[in-house]
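Each chain is listed here by its residues.
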Amino acid sequence: MEKDVIKYERQREEMVRSQIEARGIKDPDVLSAFRRVPRHLFVSEALRDQAYGDYPLPIGEQQTISQPYIVAEMTQALELDKDDRVLEIGTGSGYQAAILAQIVYRVYTIERIRSLHIQARSLFDKLQYHNIVTRYGDGTKGWQQESPFNAIIVTAGAPEVPEILINQLVVGGRLVVPVGNQHTQELIKIDRRGNSIQQSNLGGCRFVKLVGEYGWRDG
Ligand code: SAM
């Protein structure tokens, strides 16, 4: 057991150095979060030894835990502050939410597949991540009652930027969302500035579909 902890700690450190720092992620809070969160606990036991590899992995229900680098890139792009409240759409394994929870005051995360929602909730409890609030449902509508958020991250590919999410940002808030077709997307960042928005393209990416009222249709 103890041997495994040390083994995974080494793999985690190697992942941070070779996949994340080496590719230009510099935000110290992001790097420190990656050093702390035990990624191997967010995948099935059979995949634990691959958890720190440079690729996404299946988590069941035809969904994936994203490649570590893309999690780091999106997290850094959110320009987070310790007092921030952040909304994530697409809890999946819970890994991205756990990373965010190391950095900000509170994370709200929504998942549309019940089994993934339940599994992530119990892992957050086990790891005592008390600042993560979970919800089962369609995240494309955001979380009106808890809005506005300082930042919103969508971890599934949308056909277009969901306008409704921009409206749930504070002025000065940031939204990061993959937008494109069902096979490949561009990572889009929106900065909300008063009555205007600034949009930038952070480059290509590949996510599973965002399915819901303001995403893709089911089926
Ligand atoms: N952030 C996750 C992690 O760290 O493991 C990875 C997310 S996985 C690439 C995409 C997730 O988005 C899937 O679990 C999928 O069920 C979920 N999803 C897709 N459409 C959704 C929606 N409308 N609302 C909430 N979750 C959604």
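Calculation rules
- Residues numbered from 1 in each chain as written.
- Predicted model: local features only at pLDDT ≥ 70, side-chain atom pairs only at ≥ 80, totals over all residues.
- Heavy atoms only, no water.
- Helix = DSSP H or I, 4+ residues; strand = E, 2+ residues; numbered from the N terminus.
- Buried < 20%, exposed > 50% of the residue type's maximum accessible area, 1.4 Å probe, protein only.
- Core = buried A, V, L, I, M, F, W, Y, C linked by side-chain atoms within 4.5 Å.
- Contact = heavy atoms within 4.5 Å.
- Salt bridge = Lys/Arg side-chain N within 4 Å of Asp/Glu carboxyl O.
- Near = heavy atom within 4 Å.
- Polar contact = N/O pair within 3.5 Å; in protein donor to acceptor, adjacent residues only side chain to side chain.
- Areas by Shrake-Rupley, 256 points an atom, 1.4 Å probe, with all protein chains shown as cover.

A. Looking closely at unusual backbone geometry. Here the bond from S147 into P148 is cis, since omega is 5 degrees, no more than 30 degrees from zero. Following the sequence through the fold, P148 ends up in the loop between β5 (132-136) and β6 (149-154). Despite not being glycine, Q62 shows a phi value in the positive range, around 60 degrees. For E79, which is not a glycine, the phi torsion comes out positive at approximately 50 degrees. Position of E79 relative to the elements: it lies in the loop between α3 (68-77) and β3 (85-89). Given the relative accessible area of 47%, E79 is considered partly exposed.

B. Seen up close, the nonpolar core. F34, F42, L80 and Y95 are the most contacted members of the largest nonpolar core, which totals 49 residues. Those elements that provide at least two residues to this core are α1 (2-21), α2 (28-36), β1 (57-60), α3, α4 (95-103), α5 (114-126) and β6. Among the elements that take part in this core, α4 stands out by supplying seven residues, more than any other. Ignoring anything within four residues of it in the chain, the contact list for F34 reads R12, M15, V16, I20, P68, V71, A72, Y95 and I99. I110, I152, A158 and V177 belong to the second-largest nonpolar core, a separate cluster that totals 19 residues.

C. Inspection of the pattern of salt bridges at higher detail. The tally for this structure, following the rule as stated, stands at 13 salt bridges. Close ionic contact of R23 with D54 constitutes a salt bridge, the shortest N to O distance being 2.5 Å. Taken as a pair, R23 in the loop between α1 and α2 and D54 in the loop between α2 and β1 lie far apart in primary sequence, 31 residues in all. For R23, a relative accessible area of 37% corresponds to the partly exposed category. A salt bridge links K82 to D83, with the nearest nitrogen and oxygen atoms 4.0 Å apart. One salt-bridge network, in which partners are shared between bridges, spans E13, R17, E21 and R35.

D. Representation of the site of the ligand within the structure. Close to the ligand lie 27 residues, the nearest being E88, S93, E111, G139 and V211. G90 places a main-chain nitrogen or oxygen 2.9 Å from a nitrogen atom of the ligand. E111 is positioned such that a nitrogen or oxygen atom in its side chain is 2.6 Å from an oxygen atom of the ligand. If the ligand stood free it would expose 610 Å²; the protein chains cover 99% of that surface. For the shell around the ligand, the secondary structure elements donating two or more residues are β2 (63-65), β3, α4 and β4 (106-111). For the shell around the ligand, the element with the most residues is β2, which contributes three residues.

Distances and angles like these do not, on their own, reveal function.
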